[in-house]
Structure formats: C-alpha cells, structure tokens
Amino acid sequence: KKLPTYSKWPPSSSKKFIHLAVVRKERVSKKEADAFTRATIHGTEIDDIYQKKEAVDFSRVGKMKDGSLAKLILVEGAPGIGKTTFAWEVCRKWASGEILQDYGLVVLLRLRDKRVREAKTVFDLFYHPNPELSNAVASEILHHEGKSVLLLYEGYDELPRKLQEEQSIFLDVLHKNALPHATILITSRPSAT
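Notes on the structure in this doc start here. (Residues numbered from 1 in each chain as written. Predicted model: local features only at pLDDT ≥ 70, side-chain atom pairs only at ≥ 80, totals over all residues. Heavy atoms only, no water.)

Quick word on the overall build of the chain
Stage number 1. Across its full length, the chain holds seven helices and six strands.
Stage number 2. When the elements of the chain are put in sequence order from the N terminus, they spell out β-α-β-β-α-β-α-α-α-β-α-α-β.
Stage number 3. The buried share of the chain, reckoned over its 193 residues, is 37%.
Stage number 4. Looking at the chain alone, contacts between residues at least 24 apart form 66% of all its contacts between residues at least 6 apart.
Stage number 5. Just so you have it, the chain exposes about 12100 Å², and 54% of that area is on carbon and sulfur atoms. (Helix = DSSP H or I, 4+ residues; strand = E, 2+ residues; numbered from the N terminus. Buried < 20%, exposed > 50% of the residue type's maximum accessible area, 1.4 Å probe, protein only. Contact = heavy atoms within 4.5 Å. Areas by Shrake-Rupley, 256 points an atom, 1.4 Å probe, with all protein chains shown as cover.)

Shown next as structure tokens:
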C-alpha cells in the first residue's frame with residue numbers, strides 16, 4: 001500500500017524566514033531600543049537579549065565587516081525562534097552554493113543527539129555508517145587542522161553541563177586545542193551561553 005504524499009511538506013524555503021542580527025555590547029531597555037531591536041524582544045525575560053542589535057543579511061553569515069571569515073559565530077535566540085531551522089538552512093544554502101563557499105566542508109553537529117554527545121575524539125564527531133569513509137574524512141580534517149571547515153554546534157544549550165565545563169572534545173575544538181583552524185558556529189538559548 002502506497003502512503004499518501006503531502007504537497008505542503010517540506011515547506012519551501014521561501015516560506016521560512018529568519019531575522020539575523022549582530023548583537024552589540026551596549027545594553028538597552030525595551031523602551032530605549034530602536035524598532036528592529038524592539039521586534040526581537042519577546043518578553044520571555046530569561047531568553048531575551050537586551051542589547052543593541054543591527055540586522056544582518058543571510059549571505060553575510062560568518063563574514064566580518066572587512067570580509068574576512070569569523071572564527072567563532074554565536075547565534076542566540078529564545079526557544080522556538082528558529083535556531084535549528086537556521087542551522088539546517090545554513091547547510092542547505094552551503095550545499096546549493098548560495099553561501100559560505102569559502103568553506104570546503106560544513107558539518108552539522110546536533111548536540112542533543114546521543115551519538116554526538118558520546119563523542120570523545122574528532123573521529124567520533126564525523127560519523128558515517130561506512131567506518132572507512134568516517135575515518136578518511138576525519139583524517140583529512142585533522143591533517144589540515146580544520147582549515148576550511150565550518151562546524152555547526154546546533155543546540156549548545158542541550159549539551160549536558162558536564163560536557164560544557166569539563167574536558168571534552170567539544171571544548172577542545174571550541175578552545176582550538178583540536179582543529180585550530182576550523183570555524184565554529186554555535187546555536188543556543190541566551191540563558192545557556
């Protein structure tokens with residue numbers, strides 16, 4: 001028996017939108033904020049970011065104002081605001097050649113996944129059902145120390161606190177003890193970062 005198909009799934013990317021902003025260090029109250037900053041404050045208090053913001057075009061993700069590549073990118077947002085959608089959209093747009101073509105590889109690490117959480121080495125992070133392929137990819141990435149690799153730490157707030165605070169492969173990569181040339185993009189709730 002053939003299962004029915006639904007033409008509305010997956011939704012087209014044109015129906016998804018994500019408002020990105022660079023967050024400045026300058027704190028503001030909701031009353032003092034400009035229209036863009038006010039629109040990003042939802043009243044949840046714990047996950048709102050009360051700082052001056054400036055809109056960013058999606059095609060500029062990962063680029064500094066001078067055009068150089070950022071080494072660490074933090075994407076914060078309240079629950080349900082679209083951080084996971086953003087991470088998937090970055091992967092999709094990179095794979096289709098629309099953005100981030102300075103990177104030879106973009107790797108999405110969903111930090112809520114058990115297999116990812118249990119990773120102890122760089123080799124464990126690059127899983128594929130074919131172990132030879134996994135090892136070949138990890139070896140190549142290690143050989144080049146992560147150069148031209150973008151790692152997306154999706155859901156940093158869902159990584160157990162122990163792995164955020166104690167010695168772990170996630171901190172080794174974040175602190176550049178492993179893959180020192182890789183760029184890391186982290187998505188998280190503000191209350192966790």
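After that view of the structure, there is still more to cover.
Things to note about helix α2 (residues 83-95)
Stage number 1. Taking 1.5 Å of rise per residue, the 13 residues of α2 would be expected to cover 18 Å, and the 19 Å separating its terminal C-alpha atoms lies within 8% of that figure.
Stage number 2. Listed as buried for α2 are Lys83, Phe86, Ala87, Glu89, Val90, Cys91, Lys93 and Trp94. (Expected span 1.5 Å × (residues − 1).)

Details of the sheet that holds strand β3 (residues 72-76)
Stage number 1. Strand order in the open sheet formed by four strands is β3-β6-β5-β4, with parallel pairing between adjacent strands. Looking at the sheet topology across the chains shown, the edges are occupied by β3 and β4 (105-110). Across this sheet, the average inter-strand angle for adjacent strands is 15°, counted without regard to direction.
Stage number 2. Two elements, β3 and strand β6 (residues 183-188), share five bridges in a ladder whose sense is parallel. Its bridge partner lying in β6, Val75 is registered against Thr187. (Pairing = 2+ DSSP bridges. Axes fitted to C-alpha atoms, helices over the stretch in contact; angles between N-to-C directions.)

Observations regarding the layout of surface pockets
Stage number 1. In this structure, the second largest pocket spans a volume of roughly 270 Å³.
Stage number 2. Lining the second largest pocket are 16 residues; nearest its centre among them are Val107, Leu108, Leu125, Phe126 and Tyr127.
Stage number 3. For the lining of the second largest pocket, the secondary structure elements donating two or more residues are β4, α3 (114-117) and α5 (131-143).
Stage number 4. For the lining of the second largest pocket, the element with the most residues is β4, which contributes six residues.
Stage number 5. Across the lining of the second largest pocket, the residue classes tally to 11 nonpolar, two polar and three charged. (1 Å grid on protein atoms, 1.4 Å probe; cavity = no way out; pocket = protein on both sides within 12 Å on 5 of 7 lines; lining within 4 Å. Points joined across faces, edges and corners; volume = space filled by probe spheres on them. Nonpolar A, V, L, I, M, F, W, Y, C, P; charged D, E, K, R; others polar.)

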